Amino acid sequence: MLAHLAEGILVVADRQTSGRGRLGRAWHSPPGCNVYMSIAFLPAISQRKSPLLSLAAGLSSALAIKAVTGLDVRLKWPNDLLAGKSKKLGGILLETRSGPGRTQVSVAGIGINVNIPKESFPADIARTATSVFAETGEMADRNALIAAVCREFGYWLSVLRKEGEKGVQKLLKAYTGISDTIGRKVKIKAGEMEFEGTAAGIDQEGMLLMKLPGARQLKRVPAGEVQSLRAARR
Ligand code: ATP
């Protein structure tokens, strides 16, 4: 089984009964319209860099959606896919666990709102969520999307694995190019702390670099500690 994981194992669901996002948050996953896919694989990169896998999964999904549907997708650090008026089109959940021996096994869970009509979102996310169909007015082929995500993700994984620091820079450049976060004033809640500043960039370990008022050094924010990131009021 683990030998196959070097290439990756793909699991696709038509619906999810307990779809979830980060921090145990629920992911609305009705049948017959969206993409819910998980790719299990051996990360084969240093643990220090594993947060980059989540960025790679987000970037891959965004590029795949753009290629298949023409829709412009932007990335909200760390794990959201946005479209239209910064509404949530999809989410990424990257988890890594220890396998047999000292192997690490990662699973990239990807949920994309594809053909769900606007009116079908439950009330609590009706104003914040969107779908490919809601944005383009056209139904998209879910299988084509899934195949494109796998192709992109395979490519970015190999860039990270084979090209060392150059690969990391290549990934960050592509990610930053479609980021909805970098260059913005944002407010972050992390544990007991709350801070506001400008999102200045992402470092080689996938951490957000924040310029805080009065501080000379950039603050590094690990994705795992962030409960929420919102646009700050101007
Ligand atoms: P936030 O969206 O508040 O920044 P998050 O990005 O950390 O939180 P995720 O784990 O990515 O959260 O996603 C879970 C959240 O997304 C839920 O709490 C809900 O608000 C919203 N949500 C749930 N299902 C969907 C869906 N199908 N489409 C868009 N948004 C959804």
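Everything numeric in this text was worked out from a predicted model, so none of it was measured. (Residues numbered from 1 in each chain as written. Predicted model: local features only at pLDDT ≥ 70, side-chain atom pairs only at ≥ 80, totals over all residues. Heavy atoms only, no water.)

Peer 1: Looking at this structure, how should I read the pairing of strand β4 (residues 80–83)?
Peer 2: Side-chain positions along a regular strand alternate between the two faces of the sheet. Because side chains alternate across β4, one face comprises the buried residues D80 and L82, and the other comprises L81 and A83, equally buried. Alignment of strand β3 (residues 74–76) against β4, held across 3 bridges, turns out to be antiparallel. Residue pairing in the sheet places R74 in a bridge with L82 of β4. Taken together, β3 and the strand that follows it, β4, pair antiparallel across an intervening segment of 3 residues. Where β4 lies against strand β5 (residues 87–98), 4 bridges are found, and the strand directions are antiparallel. Within β5, the position partnered with A83 by the bridge is K87. (Buried < 20%, exposed > 50% of the residue type's maximum accessible area, 1.4 Å probe, protein only. Helix = DSSP H or I, 4+ residues; strand = E, 2+ residues; numbered from the N terminus. Pairing = 2+ DSSP bridges.)

Peer 1: How should the nonpolar core be read in this particular structure?
Peer 2: Nonpolar side chains in soluble globular proteins tend to end up buried together. Core analysis: the biggest nonpolar cluster contains 55 residues, and I65, W77, L89, I112, I188, L208 and M210 have the highest contact counts within it. Split by domain, the residues of this core number at least three in each of domain 1 (2–177) and domain 2 (185–228). Dropping the residues within four chain positions of it, W77 is found in contact with L55, Y175, T181, I202, G206, M207, L208, V221, P222, A223, V226 and L229. (Core = buried A, V, L, I, M, F, W, Y, C linked by side-chain atoms within 4.5 Å. Domains from an automatic or database assignment. Contact = heavy atoms within 4.5 Å.)

Peer 1: Honestly, the pattern of salt bridges in this entry has me stumped. Any pointers?
Peer 2: In this structure the tally under the stated criterion is 13 salt bridges. Between R20 and E95 there is a salt bridge, with its nearest N and O atoms 3.2 Å apart. Taken together, the positions of R20 in the loop between β1 (9–13) and β2 (35–41) and E95 in strand β5 put the pair 75 residues apart, joining distant regions of the chain. When its relative accessible area of 26% is taken as the criterion, E95 is described as partly exposed. For R74, the salt bridge identified is with D180, shortest N-O distance 3.6 Å. Of this pair, R74 sits in strand β3 while D180 is found in the loop between α5 (164–177) and β7 (185–190), placing the two residues 106 residues apart along the sequence. Judged by its relative accessible area of 35%, R74 falls in the partly exposed class. Given a relative accessible area of 11%, D180 falls into the buried group. (Salt bridge = Lys/Arg side-chain N within 4 Å of Asp/Glu carboxyl O.)

Peer 1: Just to check I follow, could you spell out the domain arrangement of the protein chain for this structure?
Peer 2: As a measure of interface size, the accessible area lost when the parts come together is often cited. The domains assigned to the protein chain are domain 1 (2–177) and domain 2 (185–228). Domain 1 and domain 2 are separated by 23 Å when their C-alpha centres are compared. At the junction of the two partners, domain 1 supplies 15 residues and domain 2 supplies 12 residues. Surface buried jointly by domain 1 and domain 2 totals about 1100 Å² across both partners, of which 63% is contributed by carbon and sulfur atoms. Where domain 1 touches domain 2, the interface holds 1 salt bridge. Note that R48 is salt-bridged to E205, the shortest N-O span being 2.9 Å. Applying the counting criterion to the domain 1 and domain 2 interface returns 5 residue pairs in polar contact (both at pLDDT 80 or more). Elements represented by at least two residues in the side of domain 1 that touches domain 2 include exactly α2 (51–69) and α5. (Buried area = accessible area lost by both parts, 1.4 Å probe. Polar contact = N/O pair within 3.5 Å; in protein donor to acceptor, adjacent residues only side chain to side chain.)

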